[in-house]
Amino acid sequence: MSVQTLPSQVEQSREIVSYDPATGEELGRATLCSPEAVKQAVNRARTAQLAWAALSFRQRARIILRARKLMLSERDEIARLVSRETGKPAAEAVSMEIVPTLDAMHYFAHASENLLRPQKIDIGQYGMMGRSSRIVFKPLGVIGIISPWNFPLATPADEVVMALMAGNAVVLKPSELTPLIALKIGELFSRAGLPEGLLEIVTGDGTTGAALIDARVDKIMFTGSVATGKRVAEAAAKYLTPVVLELGGKDPMIVLEDADLANAARGAVWGAFANAGQACASVERCYVQEAIAPRFIEQVVAETKALKQGVGTDEAVDIGAMSNERQLRIVAEQVNDAQQHGARVLTGGQRAANLKGLFYEPTILTGVDHRMAIMRDETFGPVLPVMTFKTDDEAVELANDSVYGLTASVWTRNIARGRRIAERIEAGTVMVNEVVYTHGIAQTPWGGVKDSGYGRTHGRMGLLELVSPRHIHVNRLSFLPDLWWFRYSRQAGRLFGGLARRFTTGSLLHTSLLLPQIIRRLFGRR
Ligand code: NAD
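### So, the overall build of the chain
Okay, step 1: Scanning the chain for helices and strands turns up 19 helices and 18 strands.
Okay, step 2: If one aligns the C-alpha atoms of the chain with their principal axes, the spans along those axes are about 95 × 55 × 40 Å.
Okay, step 3: Among the 526 residues that make up the chain, the fraction classed as buried is 56%.
Okay, step 4: Sequence separation of at least 24 residues holds for 71% of the intrachain contacts in the chain that already meet a minimum separation of 6.
Okay, step 5: Here the chain has roughly 23000 Å² of accessible surface; of this, 53% comes from carbon and sulfur atoms.
Okay, step 6: Where the 61 positive side-chain charges of the chain centre and where its 55 negative ones centre are 14 Å apart.

Here it is, written out as structure tokens:
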């Protein structure tokens, strides 16, 4: 298959050029930041963070909400930019990027104070001894965010909001394919009154990302491929910089025979083809129970054939261009490979002949199996391979037969059965009768298991990634020594033995039997 060549995204100069993948038109240029420029950005962020951390949650929230207001009022213009720089339909730029970002801004502006409120810990019998423990949450300092091109607004913006609300400064390194959207995020916050230095955008390629790690930020929030994630974790380990890795997926969808067939088919088609299949949580493997497979596949093919593909700024378009040529080539290679190994193409299976840019037709495959790359490797494109299964156990086995574990879905009218299967699937998120979208829920954690990464973003768990928990322990009985302090003696040894037998049971009653010995040690001869 011949693949149209767009100009090289990273040119020789110290600039990156942004192109519209649907038309090949140049959209603008951005600086390819040098390691020195990155270091300076981190220094500016570090200085600015000190005053920011001293502000109250309410003061920080005021600026986030002002940025939210600007994003809301300029949403059409922003959606157009997102659509042009990525190729996705403008409708999706709103529904899958702007809406979730506005929601996250609202949620974290209002909820962070509560989510990060100091926490009292129940310390059992130590509490009876006048002790208490609390956890307080301190900002980490400067958070380095390294983000991909597929959700260039929502992915970094949500993390920017969370990091800022937690009292940190941010240095954001966006994908080299989508620098203009990142600069727009920076501009919105700046116009909202965010003090200078708190959100630095360092545009550039992988070298700029590597420089951000070398600039010794306090945490890296990385979203991208497994291969780059491993390089990032290795580089960060040199400085013991903690990393959250949000990596790829090969997400399975299980359709049980008691599913609502029509809705499951619609869900499969949206889950596989939204964003031209370039979502980490896209449905990349569909397993349908044998009895309903023919009807399900027929509906999926009919839904797919009805989709309109074209330039994303056209309001009636369902599937836009793919964002880059490399990804399109991977998709074409995987589909060709599957066909050579016996897969059947029910619709699609090629580059869209009537469109000029990076368009690949939405594709449904059957006759696939787990020896094929299309069922093993991340495709990240508009392809839905469908297999059948007989039993629930088989479905779970197939779903778990992957190195990835980001999201999965189970479709059934029997919610208890759905939950049971969901809990057996190895994935960070498993949805029942839902697909892809929980990245858009600000309150719920997002992240994977296995090669899909570690750590979490979003929700309380995500916010906790952006703070340092500090344990504060207080002894109110400041006049009393501890039982286990010096001096040691035979009686002390006996008491320690008693503590081992009784105190460690957690039972006050058991421990009270030691009271005479305890009183002797505290107030008598030690
Ligand atoms: P990528 O790994 O090629 O690039 C991601 C980012 O890392 C880019 O900003 C890139 O410039 C930067 N980078 C490259 N080399 C680097 C290095 N050595 N050090 C530091 N940074 C470096 O990924 P991509 O192609 O932009 O994005 C697609 C991938 O992202 C897919 O695998 C997809 O599944 C994954 N993804 C995951 C999630 C998730 O939440 N789990 C979300 C979106 C995308």
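From this point on, the discussion continues.
### Description of the pattern of salt bridges
Should the charged atoms of two oppositely charged side chains come close, the side chains can pair.
Okay, step 1: Taken as a whole and assessed by the stated rule, the structure comprises 27 salt bridges.
Okay, step 2: One salt bridge connects Arg-44 with Glu-200, and the closest N-O pair in it is separated by 2.8 Å. One end of the pair, Arg-44, is in helix α1 (residues 35-53); the other, Glu-200, is in strand β7 (residues 199-201), with 156 residues separating them in the sequence.
Okay, step 3: You can call Glu-200 buried: its relative accessible area is 11%.
Okay, step 4: Residue Lys-450 pairs with Glu-426 through a salt bridge whose shortest N-O separation is 2.6 Å. Of this pair, Lys-450 sits in the loop between β16 (429-432) and β17 (453-454) while Glu-426 sits in the loop between α15 (415-424) and β16, and the two are 24 residues apart along the sequence.
Okay, step 5: It is possible to trace a salt-bridge network through shared partners that takes in Glu-74, Glu-77, Lys-184, Glu-187 and Arg-191.

### Comments concerning the site of the ligand
Okay, step 1: Residues in close proximity to the ligand total 28 residues, the closest being Lys-173, Glu-176, Ser-225, Leu-247 and Glu-378.
Okay, step 2: Here a nitrogen atom of the ligand and a backbone polar atom of Ala-210 are 3.5 Å apart.
Okay, step 3: Between the ligand and Ser-225 there is a distance of 2.6 Å, counted from an oxygen atom to a side-chain nitrogen or oxygen.
Okay, step 4: When the ligand sits alone it has 850 Å² of accessible area, and the protein chains cover 90% of it.
Okay, step 5: Of all elements in the fold, only α8 (206-214), β8 (219-223) and α9 (226-237) reach the threshold of two or more residues within the shell around the ligand.
Okay, step 6: Partitioning the shell around the ligand into residue classes produces twelve nonpolar, ten polar and six charged.

### Some words on the domain arrangement of the chain
Okay, step 1: The domain boundaries assigned to the chain delineate domain 1 (11-247 + 460-469), domain 2 (251-440) and domain 3 (481-523).
Okay, step 2: Summarising the inter-unit geometry, the C-alpha centres of domain 1 and domain 3 are found 51 Å apart.
Okay, step 3: Roughly 550 Å² is buried in total at the junction of domain 1 and domain 3, and carbon and sulfur atoms are behind 63% of that figure.
Okay, step 4: The largest contributions to the domain 1 side of the interface with domain 3 come from Gln-125, Tyr-126 and Arg-131, which together make up 75% of the buried area.
Okay, step 5: Counting across the domain 1 and domain 3 interface gives one salt bridge.
Okay, step 6: On the surface where domain 1 and domain 3 come into contact, there are three residue pairs in polar contact (both at pLDDT 80 or more).
Okay, step 7: Per element, the largest residue contribution to the side of domain 1 that touches domain 3 is three residues, and it comes from helix α5 (residues 125-128).
Okay, step 8: A class-by-class count of the residues in the side of domain 1 that touches domain 3 yields three nonpolar, one polar and one charged.

### What about the nonpolar core?
Okay, step 1: One finds Phe-108, Leu-164, Phe-189, Leu-199 and Ile-220 to be the most contacted residues of the largest nonpolar core, which totals 78 residues.
Okay, step 2: For this core, the element with the highest residue contribution is helix α4 (residues 90-115), accounting for ten residues.
Okay, step 3: Not counting the four nearest positions on each side in its chain, Ile-220 is found in contact with Gly-144, Ile-146, Leu-212, Ile-213, Val-232, Thr-241, Pro-242, Val-243 and Val-244.
Okay, step 4: Among the nonpolar cores identified, the runner-up in size contains 64 residues, and Ala-281, Ala-332, Ile-364 and Trp-411 belong to it.

### A closer look at unusual backbone geometry
Okay, step 1: Along the chain, Phe-486 connects to Arg-487 via a cis peptide bond; the corresponding omega equals 5°.
Okay, step 2: Summarising the element assignment, Arg-487 is placed in the loop between β18 (467-475) and α17 (490-501).
Okay, step 3: Not every positive phi belongs to a glycine, and Val-436 is a case in point at roughly 65°.
Okay, step 4: Tracing the backbone through its elements, the reader meets Val-436 in the loop between β16 and β17.
Okay, step 5: A positive phi angle, near 70°, is found at His-458, a position not held by glycine.
Okay, step 6: Looking at the element boundaries, His-458 is found in the loop between β17 and α16 (459-464).

### Comments concerning a nonpolar patch on the surface
Okay, step 1: The grouping of Tyr-126, Trp-484 and Trp-485 at the surface amounts to a nonpolar patch, some 320 Å² of accessible area in total.
Okay, step 2: Mapped onto the fold, Trp-484 is located in the loop between β18 and α17.
Okay, step 3: Look at Trp-484 and you get partly exposed, because its relative accessible area is 35%.

### Here we look at empty space enclosed by the protein
Okay, step 1: Throughout the structure, instances matching the rule amount to two cavities of 30 Å³ or more.
Okay, step 2: Within this model, the largest cavity holds a volume of roughly 50 Å³.
Okay, step 3: Around the largest cavity, the lining is made up of 13 residues, and of these Pro-252, Ala-399, Tyr-404, Gly-405 and Glu-426 lie nearest the centre.
Okay, step 4: Among the elements of the structure, β10 (251-255) and β15 (407-411) are those that each provide at least two residues to the lining of the largest cavity.
Okay, step 5: When the residues that make up the lining of the largest cavity are grouped by side-chain class, the tally is seven nonpolar, two polar and four charged.

Here is what the cut-offs are and how they apply
- Per chain, the residues get numbers from 1 upward, laid out in the order the sequence is written.
- Reporting in this predicted model follows two pLDDT cut-offs: at least 70 for local features of residues, and 80 or more for side-chain atom pairs to be given and counted; totals over whole chains, interfaces and linings ignore these cut-offs and use all residues.
- Only heavy atoms go into the side-chain values, all of them from the structure, while hydrogens and water stay out.
- Only DSSP runs of H or I with at least four residues qualify as helices, and only runs of E with at least two residues qualify as strands; both kinds are numbered from the N terminus onward.
- When a residue's accessible area, from a 1.4 Å probe over protein chains only, is under 20% of the maximum for its type it is buried; when over 50% it is exposed; and in between it is partly exposed.
- Contact definition: two residues touch when any of their heavy atoms are within 4.5 Å.
- All accessible-area figures derive from a Shrake-Rupley calculation using a 1.4 Å probe, and residue coverage is judged against the displayed protein chains alone.
- Residues scored as charged are limited to Lys and Arg (positive) and Asp and Glu (negative), so that His and the chain ends carry no count.
- Charge positions are represented by NZ for Lys, CZ for Arg, CG for Asp and CD for Glu.
- The salt bridge criterion pairs a side-chain nitrogen of Lys or Arg with a carboxyl oxygen of Asp or Glu, the two atoms within 4 Å.
- By convention in these notes, a residue is near a molecule or strand provided one of its non-hydrogen atoms lies within 4 Å of it.
- Side-chain atoms alone can form a polar contact between residues adjacent in sequence; in general such a contact is a pair of N or O atoms within 3.5 Å, and within protein one must be able to donate a hydrogen while the other accepts it.
- Lys, Arg, Asp and Glu make up the charged group, whereas Ala, Val, Leu, Ile, Met, Phe, Trp, Tyr, Cys and Pro make up the nonpolar group; the residues left over, Gly among them, are polar.
- Start and end points for every domain follow an automatic or database-based domain assignment.
- Buried area, as used here, totals the accessible surface that two parts lose on assembly, with accessibility defined by a 1.4 Å probe and the loss added over both.
- We define the nonpolar core as a collection of buried residues of types Ala, Val, Leu, Ile, Met, Phe, Trp, Tyr and Cys that are connected through side-chain atoms lying within 4.5 Å of one another.
- Like charges are joined within 9 Å and nonpolar side chains (Val, Leu, Ile, Met, Phe, Trp, Tyr) within 5 Å, but only among residues with over 30% relative accessible area and no salt bridge; these make up the patches.
- Note on definitions: the grid is 1 Å and covers protein atoms alone; a cavity is a set of points where a 1.4 Å probe fits but cannot get out; a pocket is an open set with protein on both sides within 12 Å along at least five of seven lines; lining residues have an atom within 4 Å of a point.
- Grid points are joined across faces, edges and corners, and a volume is the space filled by probe spheres set on the points.

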